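Structural description and commentary
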Amino acid sequence: MSNEARDTIFIGKKPLMAYVTSTLIQLTNVPTVNIKARGMSIGRAVDVAQIISRKTENAGYSIGDIRIGSESLESNDGKARNVSTIEIEVKKNAE
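The paragraphs below set out a description of the structure included in this document. Predicted, not measured: the structure shown is a model, and the values here were computed from it. (Residues numbered from 1 in each chain as written. Predicted model: local features only at pLDDT ≥ 70, side-chain atom pairs only at ≥ 80, totals over all residues. Heavy atoms only, no water.)

1. Focus: the sheet that holds strand β3 (residues 61-74)
Strands sit in the order β1-β2-β4-β3 across an open sheet of four strands; the sheet is mixed. Two strands in the sheet have a free side with no partner beyond their single neighbour: β1 (8-10) and β3. The sheet shows a mean angle of 20° between the axes of neighbouring strands, direction not considered. Bridge count between β1 and strand β2 (residues 32-38): three bridges; the pairing is parallel. When the bridges of β2 are listed, Thr 8 appears paired with Asn 34. Contacts between helix α3 (residues 42-55) and the sheet are confined to β2, β3 and β4 (80-92), with β4 contributing the most and set at about 5° to the helix. (Pairing = 2+ DSSP bridges. Helix = DSSP H or I, 4+ residues; strand = E, 2+ residues; numbered from the N terminus. Axes fitted to C-alpha atoms, helices over the stretch in contact; angles between N-to-C directions. Contact = heavy atoms within 4.5 Å.)

2. So, the nonpolar core
Note that soluble globular proteins tend to have their nonpolar side chains buried in a common cluster. Ile 11, Ile 35, Ala 45, Val 48 and Ile 52 are the most contacted members of the largest nonpolar core, which totals 17 residues. If you list the elements that add at least two residues to this core, you get α2 (16-27), β2, α3 and β4. Of the residues forming this core, the biggest block, four residues, is contributed by α3. Setting aside residues no more than four positions away along its own chain, Val 48 makes contact with Ile 11, Leu 16, Tyr 19, Val 20, Thr 23 and Ile 35. (Core = buried A, V, L, I, M, F, W, Y, C linked by side-chain atoms within 4.5 Å. Buried < 20%, exposed > 50% of the residue type's maximum accessible area, 1.4 Å probe, protein only.)

3. Details of the environment of Asn 58
Residue placement: Asn 58 occurs in the loop between α3 and β3. Among the residues examined, Asn 58 registers a relative accessible area of 79% and is labelled exposed. Distance from Asn 58 to Glu 87, taken between C-alpha atoms, is 24 Å for residues 29 residues apart in sequence.

4. Focus on the pattern of salt bridges
Here the structure, examined in full by the defined rule, presents three salt bridges. Here Arg 38 makes a salt bridge to Glu 71, at a shortest N to O gap of 2.8 Å. Here Arg 38 is found in strand β2, whereas its partner Glu 71 is found in strand β3, with 33 residues between them in sequence. With a relative accessible area of 42%, Arg 38 lands in the partly exposed category. Taking relative accessible area as the criterion, Glu 71 reaches 34% and is therefore assigned partly exposed. Glu 87 is the salt-bridge partner of Arg 67, the closest N and O atoms lying 2.9 Å from each other. Here Arg 67 is found in strand β3, whereas its partner Glu 87 is found in strand β4, with 20 residues between them in sequence. According to the relative accessible area criterion, Arg 67 is partly exposed, its value standing at 33%. (Salt bridge = Lys/Arg side-chain N within 4 Å of Asp/Glu carboxyl O.)

5. As for the side chain of Thr 85
Counting through the fold element by element, Thr 85 comes out in strand β4. Given the relative accessible area of 17%, Thr 85 is considered buried. Other than its neighbours up to four places away in sequence, Thr 85 contacts Ala 37, Arg 38, Ile 42, Arg 67, Ile 68, Gly 69, Ser 70 and Glu 71.

So this is what it looks like as structure tokens:
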């Protein structure tokens, strides 16, 4: 497994707290974790990052870089569609 996959959380349809817990577990092992989402899951990714930075501010986590973009995907009918993407960096603060 590459380092890229280990420090990246892909947001899908699981309950919100499952992603929060997974991100916090990863942050114990690596200094930064990227939360990635696209389409309808973007709001959930923002919620995960906000919960980590606000509810655990005593633990020293903060939001770093935020990157937005779009990907061209092929829909079921064969047409190309643009889907929005977001990548949010959550990092440990220097102690």
